[in-house]
Amino acid sequence: MEVKAFEKKVWLSSPTMHGDELKYVTEAYETNWMSTVGKNINEVERIVCEKIGCKYAVALSAGTAALHLAMKLAGVKPGDKVFCTDMTFDATVNPVVYEGGVPVFIDCERETWNMDPEALEKAFELYPEVKVVVVANLYGVPAKLDEIRAICDVHGAVLVEDAAESMGATYKGVQTGTFGAYNAISFNGNKIITGSSGGMLLTDHLEAANKTRKWSTQSRENAPWYQHEELGYNYRMSNVIAGVVCGQLPYLEEHIAQKKAIYMRYKEAFKDLPVTMNPYMEDIMEPNFWLSCLLIDEDAMCKQVRSETEALYVKEPGKTCPTEILEKLTAINAEGRPIWKPMHMQPIYRMNPFVTAEGNGRCRSDAYIDNGKTLNVGADIFHRGLCLPSDNKMTVEEQNVIIEVIKGCFA
Ligand SMILES: *Cc1c(COP(=O)(O)O)cnc(C)c1O
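First, a word on scope: everything that follows refers to the structure included in this document. All figures in this text were calculated on a predicted structure; none of them were measured in a lab.

1. Regarding the site of the ligand
Here is step 1: Near the ligand you find 15 residues, and of these Thr64, Asp162, Glu165, Ser186 and Lys191 are the closest.
Here is step 2: Residue Ser186 places a side-chain N or O atom 2.7 Å away from an oxygen atom belonging to the ligand.
Here is step 3: When the free accessible area of the ligand is taken as 380 Å², the share hidden by the protein chains comes to 93%.
Here is step 4: No other element matches the 3 residues that helix α3 (residues 63-74) contributes to the shell around the ligand.
Here is step 5: Its residues assigned to classes, the shell around the ligand comprises 5 nonpolar, 7 polar and 3 charged.

Structural data, given as structure tokens:
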């Protein structure tokens, strides 16, 4: 099949500006509030509290900074084990290590692709001393947050929610970013709402919000000179960035609607192919549909082998694999991406403990066993899954071309 490449690249997920952003940025410029203090920062914090329904929101330089300060608030100390989502972006877990903690990875389940409550239970049996759990909502789909929070409560553990990818998604009608004691959102360039960068820590605890404000501005004490009693960080959001976010926030619902339409078009178009979309539990959650993903049925997978940095596949009639689909997308100037490679498979975290629901709970297999059996859910989804072009500026015509190219891979 010969398909002409798009003249303009179709992105996985790129920033979508609306014009209002420039107004707020210009005002910051013209009033000389080119600083980490200013009206836009206060406004962003106010609007996010209102939209998400949290008591306090502290504007920071990145979602990663929010997660780092969340680790400090949760009291992670050197040598402490922390239970973390396994299949996520590494920014979810690196902050554990910034504080000297040891991430223990928890396998995902198949209904939302997020932390498996059953595996989490097992992890508490193996490591009853653990006091902090970090859960992420992958690709904008909420995890089984009630179940996970209930398990944390039983074991007296603090829950931290990484809602960087799920802003605007709801679980039983409640916004994500409110289920943990401390929660992080992100305004990175590829997120559903962007400031080009930036993030926030959300909490209902006044003392935690105050600590976060203090730590993020170099931990200055109330004194006539720079007085320091604690370690400080330069993590505050810029008033310029906050201006971009102020302009973006009113468009959150519009972006979600566009992303949902993209997901539904893929789902409908692929209903006769041996594939499924990234799943969610329709009766209890509404994702923000940040990225649309595809999972190829096991018996429609051709042979695919991945080393640490490269992938090879052997084409078979009627079968395909993520590597082939990604190659075909690249050829038409469209951007897809492999599923986030699980943390337990990453060279940096390979020696960390990893807990699965199946088996004895201690699983060290990063190899995908392709004789019909996989040893963990994350490795399986990484092997058979991929992220599709999900940019909200993609036209229906462009998406139709992408759909035809993907269908062609199954020929
Ligand atoms: C983007 C992202 C982050 C980090 O946010 P930054 O603002 O880029 O630091 C954290 N966790 C997940 C799951 C993310 O996708």
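Resuming the write-up.
2. Some remarks on the sheet that holds strand β4 (residues 132-136)
Here is step 1: Here we have 8 strands laid out as an open sheet, ordered β1-β9-β8-β5-β4-β2-β3-β16, and mixed in their pairing. Among the strands making up the open sheet, the edge pair consists of β1 (56-60) and β16 (354-355).
Here is step 2: Looking at chain direction, strand β8 (residues 182-186) and strand β9 (residues 199-203) are connected through 5 bridges and run antiparallel. Looking at β9, one finds that Ala184 is bridged to Leu201.
Here is step 3: Along the sheet face, α3 touches β1, β4, β5 (158-162), β8 and β9 and points at about 170° away from the line of β8.
Here is step 4: In the packing of helix α7 (residues 206-216) onto the sheet, contacts are made with β1, β8 and β9, and the angle to β1 comes to roughly 15°.

3. Brief notes about the packing of aromatic side chains
Here is step 1: The tally for this structure, following the rule as stated, stands at 11 aromatic pairs.
Here is step 2: On the basis of an interplanar angle of 25° and a centroid distance of 5.2 Å, the ring pair of Tyr233 and Tyr235 is categorised as stacked. Take Tyr233 and Tyr235: they sit in the same class, and that class is buried.
Here is step 3: Measuring from ring centre to ring centre gives 6.4 Å for Trp290 and Trp340, while their planes differ by 75°; the resulting arrangement is edge-to-face. Residue Trp290 is located in the loop between β11 (285-286) and β12 (293-296), and its partner Trp340 is located in the loop between β15 (337-338) and β16; the two are separated by 50 residues in the primary sequence.
Here is step 4: Classification of Trp290 by relative accessible area gives buried; the value is 2%.
Here is step 5: What links up through ring pairs into an aromatic cluster is the set Phe83, Phe124 and Tyr127.
Here is step 6: The residue whose ring lies beneath Lys72 is Trp215, and the NZ or CZ to ring-centre distance is 5.0 Å.
Here is step 7: Geometry around Phe382 places Arg306 over its ring, the cationic atom sitting 4.2 Å from the centre.

4. A closer look at the packing of helix α2 (residues 39-53) against helix α8 (residues 239-248)
Two quantities define a packed helix pair, namely the angle between the helix axes and the distance between the axes.
Here is step 1: Remark: α2 packs on α8, axes separated minimally by 7 Å, with the N-to-C direction vectors making an angle of 45°. With respect to α8, the axis of α2 lies oblique. In this structure, α2 meets α8 at a crossing whose hand is left-handed. Across the interface between the two elements, Lys39, Asn40, Ile41, Glu43 and Val44 of α2 pack against Asn239, Ala242, Gly243, Val245 and Cys246 of α8.

5. Side note on helix α5 (residues 117-126)
Here is step 1: Along α5, the residues classified as buried are Pro117, Ala119, Leu120, Ala123 and Phe124. What you see down the axis of α5 is that its buried residues fit within an arc of 155°, all on one side. Seen from the buried face of α5, the exposed residues on the opposite side, beyond 90 degrees, are Glu118 and Glu125.
Here is step 2: Looking at the packing, one finds that the buried side of α5 touches β2 (81-85), β3 (102-106), β4, α6 (145-154) and β16.
Here is step 3: Sitting at the amino-terminal end of α5 is Asp116, which places a side-chain oxygen 2.9 Å from the backbone nitrogen of Glu118.

6. A short note on the sheet that holds strand β7 (residues 174-175)
Here is step 1: Spatially, 3 strands are ordered β7-β6-β11 in an open sheet, and the strand pairing comes out antiparallel. Among the strands making up the open sheet, the edge pair consists of β7 and β11.
Here is step 2: Relative to β11, strand β6 (residues 170-171) runs antiparallel, the two being bridged by 2 bridges. If you follow Thr170 over to β11, its bridge partner there is Glu286.

Calculation rules
- Residues numbered from 1 in each chain as written.
- Predicted model: local features only at pLDDT ≥ 70, side-chain atom pairs only at ≥ 80, totals over all residues.
- Heavy atoms only, no water.
- Near = heavy atom within 4 Å.
- Polar contact = N/O pair within 3.5 Å; in protein donor to acceptor, adjacent residues only side chain to side chain.
- Areas by Shrake-Rupley, 256 points an atom, 1.4 Å probe, with all protein chains shown as cover.
- Helix = DSSP H or I, 4+ residues; strand = E, 2+ residues; numbered from the N terminus.
- Nonpolar A, V, L, I, M, F, W, Y, C, P; charged D, E, K, R; others polar.
- Pairing = 2+ DSSP bridges.
- Contact = heavy atoms within 4.5 Å.
- Axes fitted to C-alpha atoms, helices over the stretch in contact; angles between N-to-C directions.
- Phe/Tyr/Trp six-rings, centres within 6.5 Å; stacked < 30°, edge-to-face > 60°.
- Buried < 20%, exposed > 50% of the residue type's maximum accessible area, 1.4 Å probe, protein only.
- Lys NZ or Arg CZ within 6 Å of the ring centre and 35° of its normal.
- Parallel < 35°, antiparallel > 145°, perpendicular 65-115°, else oblique.
- Left-handed = near helix turned anticlockwise from the far one by under 90°.
- Arc of directions from axis to C-beta.

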